[in-house]
Amino acid sequence: MQKIRFLIFIGLLLITACRQQQSDTLHIAVAANMQFAMKELSKEFTHQTGIACDLIISSSGKLTAQIKEGAPFDVFVSADMKYPNELFTSGHTTKKPKIYAYGKLVMWSMIDDIKPSITILKSPQIKHIALANPKTAPYGAAAIEVLKKYDVYNDVKDKLVFGESISQTNQFIISKSAEIGFTSKSVVVSPEIKGEGNWVDVKETDYPAIAQGIVILKNDATKQTNATIFYDFLFSASAKKILENYGYLVKRQ
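Residues numbered from 1 in each chain as written. Predicted model: local features only at pLDDT ≥ 70, side-chain atom pairs only at ≥ 80, totals over all residues. Heavy atoms only, no water.

### Points about the packing of aromatic side chains
Pairs of aromatic rings are described using the distance from one ring centre to the other and the angle between the two planes.
(1) Moving on: Taken as a whole, this structure holds four aromatic pairs when the rule is applied.
(2) Moving on: Ring centres 5.1 Å apart and planes at 85° place the aromatic pair F45 and F230 in the edge-to-face group. Of this pair, F45 sits in helix α2 (residues 35-49) while F230 is found in helix α9 (residues 224-233), placing the two residues 185 residues apart along the sequence. Side by side, F45 and F230 carry an identical accessibility label, which is buried.
(3) Moving on: Centre to centre, the rings of Y231 and F235 are 5.4 Å apart; their planes meet at 55°, and the pair counts as tilted. Of the two residues, Y231 and F235, both sit in the buried class. (Phe/Tyr/Trp six-rings, centres within 6.5 Å; stacked < 30°, edge-to-face > 60°. Helix = DSSP H or I, 4+ residues; strand = E, 2+ residues; numbered from the N terminus. Buried < 20%, exposed > 50% of the residue type's maximum accessible area, 1.4 Å probe, protein only.)

Structure (C-alpha cells):
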C-alpha cells in the first residue's frame, strides 16, 4: 500500500511538472519570412534559458487580426513595423515596438533555365509570378513597389499569384506552380532551401526598407517576465549573428 501511495505521489508530481512546463511555454507569433530563422533562434533561446517556445507562423496581417481577437500569444515578431505599431496604439502591447532587423527581398525560381531578373518577367516563358498578399504581407507590398518602380506592373499584373504569406508564396515557387516569384532572402539562404533553384537580390534601393519589429503582448501577465527575456535575447550578440546568417541586416552597437 505504501508503495502504491508513493507511485501515485510521483505520478501527481510528474503531471504537475508537465502542466507547469506547458504553462511556462512562450507562444510566439512569427511572421512567415522569419520561420526558418526563428526555429534556430528559439532553439538557441531555449538552450540558453530553458524556456520552451511554441511558434505560430503566418502573415503579419493575419497574426495581428488574431491578436486583436484575443489569440493567446505572448510575443509578436513581425515582418514590419506597421502591425506592431497598430497593436501598440490599440493597447495590446506592453510598450512601443522595436526594430530587431531589416529584411531583404529576392527573386527566386526553381526552373533551371530561368535566371531571375526584372526583364524576364515580361517574357512569355513566365506565366505566373508569385508574391505574398501585399495587403497583409510586407514582402508582397515591397514586391509591388519594385514592379511599379521598373514600370512593368501593368504588363505583368495578370500574371501575379498571391500567397496568403511568404510560406504559401514559397510553395508556389518550389512546386513550380509559379515560374518565378519574390520572397525573403532568409528563405533562400536557409539550410532547408540553400542551393535550390536560382535567385538574385533585389536592390535595396528599389523598395522601402523592410524594418521588422517585435512587441510583448499583454495577454498573459504571468508570462511577461519570460517574454521580456526573449525580447532582450533577440537583441543579443548571439541572436544578431543568427539573423545575419539568414540574410537580415541588424544594427550592431
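From this point on, the discussion continues.
### Thoughts on the side chain of N198
(1) Moving on: Along the polypeptide, N198 turns up in strand β9 (residues 198-201).
(2) Moving on: Classification of N198 as buried rests on a relative accessible area of 18%.
(3) Moving on: Excluding residues that lie within four positions of it along the chain, N198 makes contacts with M107, W108, S109, I111, D112, I114, K115 and P116. (Contact = heavy atoms within 4.5 Å.)

### Concerning the sheet that holds strand β7 (residues 160-163)
(1) Moving on: Taken together, the five strands give an open sheet; going across it, the order is β7-β6-β8-β5-β9, and neighbouring strands pair in mixed fashion. Two strands close off the open sheet at either side, each with one partner strand: β7 and β9. The average angle at which neighbouring strand axes cross in this sheet is 30°, direction not considered.
(2) Moving on: Relative to strand β8 (residues 180-184), strand β5 (residues 105-109) runs antiparallel, the two sharing four bridges. Looking across to β8, one finds that V106 is bridged to T183.
(3) Moving on: Seen against the sheet, helix α5 (residues 138-149) touches β5, β6 (129-132), β7 and β8 and runs at an angle of roughly 125° to β8.
(4) Moving on: The strands that helix α7 (residues 166-174) touches are β5, β6, β7 and β8; relative to β8, the one it contacts most, it runs at about 145°. (Pairing = 2+ DSSP bridges. Axes fitted to C-alpha atoms, helices over the stretch in contact; angles between N-to-C directions.)

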